[in-house]
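Report on the structure
Spelled out, the chains give:
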Amino acid sequence: MFLGGNRYYTAFTGSPSRRGEDMHISIERRAGREADASDQPVELVMIGRLDAESGEELEHAVAEELHRGRHAIRLDMVGDAILRLEQSIEIKPTDLDAHEMLGRAYYADNDPASAMTQWDYVLQLDPKRKDLQELYAKAKREFGVEGDFKHRGSKHFTIAFPPEIDAPTRARVTTILESAYIQIGHKFGKVFPPTPIQVVTYGPGQFKEATKLDDHIGAVFDGKIRAPLTDDKGKYLPDEELR
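Residues numbered from 1 in each chain as written. Predicted model: local features only at pLDDT ≥ 70, side-chain atom pairs only at ≥ 80, totals over all residues. Heavy atoms only, no water.

**Description of the overall build of the protein chain**
- Assigned secondary structure in the protein chain consists of 8 helices and 9 strands.
- Looking at the protein chain as a whole, 39% of its 243 residues qualify as buried.
- A separation of at least 24 residues holds for 57% of the contacts in the protein chain among residues at least 6 apart in sequence.
- Surface exposure of the protein chain reaches about 14100 Å², of which carbon and sulfur atoms provide 52%. (Helix = DSSP H or I, 4+ residues; strand = E, 2+ residues; numbered from the N terminus. Buried < 20%, exposed > 50% of the residue type's maximum accessible area, 1.4 Å probe, protein only. Contact = heavy atoms within 4.5 Å. Areas by Shrake-Rupley, 256 points an atom, 1.4 Å probe, with all protein chains shown as cover.)

**Topic: unusual backbone geometry**
- For the bond running from Thr195 to Pro196, omega is 0 degrees, close enough to zero to count as cis.
- Structurally, the position occupied by Pro196 is in the loop between helix 6 (167-187) and strand 7 (197-202).
- The backbone phi angle of Asp76 is positive, close to 60 degrees, even though this residue is not glycine.
- With respect to the secondary-structure elements, Asp76 resides in the loop between helix 1 (52-74) and helix 2 (78-91).
- At Lys212, a position not held by glycine, the phi torsion is positive, near 60 degrees.

**So, the pairing of strand 7**
- With 6 of its 6 residues buried, strand 7 lies for the most part within the structure.
- Residue alternation in strand 7 divides its side chains into two sets, Ile197, Val199 and Thr201 and Gln198, Val200 and Tyr202, and both sets are buried.
- The sheet contact formed by strand 6 (residues 157-161) and strand 7 spans 4 bridges and is parallel. Within strand 7, the residue paired with Phe157 across the bridge is Ile197.
- In terms of handedness, the path from strand 6 via helix 6 over to strand 7 forms a crossover that is left-handed.
- Relative to strand 9 (residues 225-228), strand 7 runs parallel, the two being bridged by 4 bridges. Considered in strand 9, the bridge of Tyr202 is made with Pro228. (Pairing = 2+ DSSP bridges. Right-handed = clockwise from strand over helix to strand, strands pointing away.)

**Here we look at a nonpolar patch on the surface**
- Taken together, Ile184, Phe188 and Val191 make up a surface patch of nonpolar side chains, about 330 Å² in accessible area.
- Among the secondary structure elements, Ile184 is positioned in helix 6. (Patch = residues over 30% accessible without salt bridge, like charges linked within 9 Å, V, L, I, M, F, W, Y side chains within 5 Å. Salt bridge = Lys/Arg side-chain N within 4 Å of Asp/Glu carboxyl O.)

**A closer look at the packing of aromatic side chains**
- Under the definition given, this model contains 5 aromatic pairs.
- Ring geometry for Phe149 and Tyr202: centres 6.0 Å apart, planes at 65 degrees, overall edge-to-face. Of this pair, Phe149 sits in the loop between helix 5 (130-146) and strand 5 (150-153) while Tyr202 is found in strand 7, placing the two residues 53 residues apart along the sequence.
- With relative accessibility at 0%, the residue Tyr202 sits in the buried group.
- For the pair Tyr181 and Phe192, a centre-to-centre distance of 5.3 Å together with 25 degrees between the ring planes defines the contact as stacked. (Phe/Tyr/Trp six-rings, centres within 6.5 Å; stacked < 30°, edge-to-face > 60°.)

**Brief notes about the sheet that holds strand 9**
- With mixed pairing, the 5 strands of this open sheet are ordered in space as 5-6-7-9-8. Here the strands that pair on one side only, and so sit at the sheet edges, are strand 5 and strand 8 (220-221).
- The pairing of strand 8 with strand 9 spans 2 bridges and is classified as antiparallel. Each bridged residue has a counterpart across the sheet, and for Phe221 the counterpart in strand 9 is Ile225.

**Considerations on the packing of helix 3 (residues 96-108) against helix 5**
- Two elements in contact, helix 3 and helix 5, have axes whose closest approach is 12 Å; the angle formed by their N-to-C orientations is 30 degrees. Judged by the inter-axis angle, helix 3 sits roughly parallel to helix 5. Between helix 3 and helix 5 lies a crossing of left-handed hand. Residues Glu100, Arg104 and Tyr107 of helix 3 form the contact with helix 5, whose participating residues are Leu132, Leu135, Lys138, Ala139 and Glu142. (Axes fitted to C-alpha atoms, helices over the stretch in contact; angles between N-to-C directions. Parallel < 35°, antiparallel > 145°, perpendicular 65-115°, else oblique. Left-handed = near helix turned anticlockwise from the far one by under 90°.)

**Digging into the pattern of salt bridges**
- Under the counting rule described, the total for this entry stands at 13 salt bridges.
- Here Asp126 and Arg129 are joined by a salt bridge, their closest N and O atoms 2.8 Å apart.
- Here Asp126 falls in the partly exposed class, since its relative accessible area comes to 24%.
- The closest approach of N and O atoms between Lys138 and Glu142, which form a salt bridge, is 2.5 Å. Highlighted residues: Lys138 and Glu142, both in helix 5, separated by 4 residues, approximately one helical turn.
- A relative accessible area of 23% means that Lys138 is categorised as partly exposed.

Geometric descriptors of this kind do not, in isolation, establish any biological role.
Spelled out as C-alpha cells, the structure:
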C-alpha cells in the first residue's frame with residue numbers, strides 16, 4: 001500500500017494496469033483510512049515506490065485523460081475518446097466516472113453490449129445515478145432489437161442492418177448516405193462531420209420498438225441516425241422517402 005497525501009493506493013497483480021517505466025499500478029482509493037499492515041490483502045505486491053508527489057501526479061493524469069475523453073465525445077471523436085478513457089481506467093481502474101464515460105463512448109460507437117458492461121460496474125457501486133439508469137435502460141431496449149444486426153462500413157458511415165435486409169438494399173442505402181454526406185457538407189461550406197457516422201436501420205416494427213417514438217415520427221437522430229427501411233407491412237421504402 002502506498003501513501004499519497006491523504007489517499008492510499010494499492011497495487012494488485014492481475015488488475016487492469018497502466019505500464020510505466022518500473023511499475024504496474026492499479027489504484028484503489030481509500031479515503032479517510034489509516035495505513036495499516038493488517039489492511040494489506042494477500043495478493044498485494046509492491047512493485048514500485050509511490051510517494052505523495054507521484055500520487056498527486058497520477059491523480060492529475062486520471063483527471064486529464066478523463067477531461068480529454070469527455071471533450072472528444074462532445075466533438076464526436078469517438079475513437080479518440082475510447083483511447084483516452086481506456087487509458088484513464090488503466091491508471092485508475094476504480095474510477096466510476098471514467099467507466100461511465102467509456103460506456104458512453106462505446107455506446108456512441110454502436111457497441112451497446114460493451115457500454116452496458118461498463119455501466120453495470122458503475123451502477124452496482126453507485127445505483128443512484130439516475131441519468132445513467134435511464135441511458136442503460138435505453139441501450140438495453142435497443143440491444144434487444146439490434147443485437148443480431150450486421151454492421152457494415154463505408155467511407156463515411158458504419159451502418160447496422162437487420163439480418164434479413166438484402167444486399168441490393170444495403171447498397172442502395174449506402175449510396176444514399178454517401179451522396180447526402182457530400183451534398184450536405186458542400187451546402188455548409190465544405191464543413192463535414194467527423195466520421196464514421198453511426199447509422200441504425202430497421203425492418204418492420206423495429207424502429208418503434210427500439211425508440212418508443214410515436215407513429216408519425218419517421219426517423220430520428222440521437223447521436224446516431226435511426227431510420228426504418230420498410231413500412232409496417234415489410235415493403236421497402238422508395239429512395240425519395242429514405243432521402
